Amino acid sequence: MRYADGPGAQCEVFVQAPVERVWALVADIELPARLSPELQRVAWLDGADGPAVGARFEGYNSRPTMRDWRTVSEVVELTEHRSFAWAVLDADGRFGDPVSEVAGALARWRFDLIPEDGGTQLRQSVVIGPGRSGVVLAIEARPEAEEKIVAFRLGELRTGMTATLEGVKSLAEAGS
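Definitions and cut-offs
Sequence positions are assigned chain by chain, starting from 1 and proceeding in written order. The model is predicted, so local features are restricted to residues of pLDDT at least 70 and side-chain atom pairs to those at 80 or more, both for listing and for counting; the totals for chains, interfaces and linings are taken over all residues. The basis for the side-chain values is all heavy atoms of the structure; hydrogens and waters are excluded. Here the aromatic set is Phe, Tyr and Trp, taking the six-membered ring for Trp, and pairing holds for ring centres within 6.5 Å; pairs whose planes are under 30 degrees apart are stacked, those over 60 apart are edge-to-face, and all others are tilted. Helix and strand labels come from DSSP, where a helix needs a run of H or I of at least four residues and a strand needs a run of E of at least two; each type is numbered from the N terminus. Any residue under 20% of the maximum accessible area for its type is buried, any over 50% is exposed, and the rest in between are partly exposed; the area is computed with a 1.4 Å probe on protein chains only. For a ring to carry a charge above it, either NZ of a lysine or CZ of an arginine must fall within 6 Å of the ring centroid while also lying within 35 degrees of the normal to the ring plane. In these notes, a set of buried Ala, Val, Leu, Ile, Met, Phe, Trp, Tyr and Cys residues joined through side-chain atoms within 4.5 Å is what counts as a nonpolar core. Contacts described as polar in this section are N or O atom pairs within 3.5 Å, which, within protein, must combine one atom able to donate a hydrogen with one able to accept it, while residues neighboring in sequence count only if both atoms come from side chains. Should any heavy atoms of two residues lie within 4.5 Å, those residues are counted as being in contact. Here, a salt bridge means any side-chain nitrogen of Lys or Arg that lies within 4 Å of a carboxyl oxygen of Asp or Glu.

Engineer: I'm lost on the packing of aromatic side chains in this one. Help?
Structural biologist: One pair of aromatic rings is described through two measures. These are the centre distance and the angle between the planes. Tallying each qualifying case throughout the model produces six aromatic pairs. Residues W69 and F95 carry aromatic rings whose centres are separated by 6.3 Å and whose planes lie at 75° to one another, so their mutual orientation is edge-to-face. Here F95 lies in the loop between strand 5 (83-89) and strand 6 (107-116) and W69 lies in strand 4 (residues 66-79), a separation of 26 residues in the sequence. For W69, a relative accessible area of 9% corresponds to the buried category. An aromatic cluster is present here, built from W23, W44, F57, F84, W86 and F111 joined pairwise through their rings. Positioned above the aromatic ring of Y60 is the side chain of R41, whose terminal nitrogen or guanidinium carbon lies 3.9 Å from the ring centre.

Engineer: Please clarify how the nonpolar core should be interpreted in this entry.
Structural biologist: Nonpolar side chains in soluble globular proteins tend to be buried together. With 47 residues, the main nonpolar core has V22, V26, W109, F111, L113, L122 and V126 as its most contacted residues. Considering every element that reaches this core, the biggest residue donor is helix 4 (residues 146-173), with nine residues.

Engineer: Help me understand the side chain of D112, please; the structure alone is not making it clear to me.
Structural biologist: Relative to the helices and strands, D112 is located in strand 6. Given a relative accessible area of 15%, D112 falls into the buried group. Engagement of the side chain of D112 in a polar contact is seen with the side chain of R110, the distance being 2.9 Å. Ignoring sequence-local partners within four residues, the contact set of D112 consists of R82, S83, Q121, L122 and R123.

Engineer: In this structure, what is going on with the pattern of salt bridges? I would like to understand it.
Structural biologist: Between side chains of opposite charge, a pair can form when the charged atoms approach closely. All chains considered together, the criterion is met by 14 salt bridges. Between E140 and R132 there is a salt bridge, and its shortest N-O distance comes to 2.6 Å. Residue classification places R132 among the partly exposed residues on the basis of a relative accessible area of 34%. Bridged by salt links that share partners, the residues E38, R63, R153 and E156 form one connected network.

Engineer: Before we go on, may I ask you to explain helix 3 (residues 134-141) in this structure?
Structural biologist: Along an α-helix, residues three or four apart share an orientation, since each turn contains 3.6 residues. Buried within helix 3 we find G134, V135, V136 and I139. Regarding helix 3, its N-cap is S133, as a side-chain oxygen of that residue lies 3.2 Å from the backbone nitrogen of V135 further along.

Set out below in structure tokens:
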């Protein structure tokens, strides 16, 4: 798969807890920083204190093969107890010119919650691109390896999503 195709990945888990309890966890932007191997910390920006369409938050990321970096994300979709989606922007120009508009997002992330059998089917998904990112820099350095680079990055993202979903499942089922 090519980066220009908007590659993506998704993972899901069944959580034996009501949608309201699962929603409280996924709507807490600080929770993934406790569970993800890449996202280290987050904070709402511009006076926002919770998810709302247009609200922005910053995230600090770390990977062994790269210098740490900051992104700014904007909530692009929010349906309480159903879906929460945000676009990740390179506001600091880490990978090229600074990006402040969602059309140039590095990635788009989302949670979907589906009530099922007294519990919740929880899905997390990501689509990378079209904005410049570390993936683009790697592809520019080795264009012949583009498909392998994209596949490797999607694998890393699946690992992070799996950790996040399993953490949410554990907390929700414990009643936290």
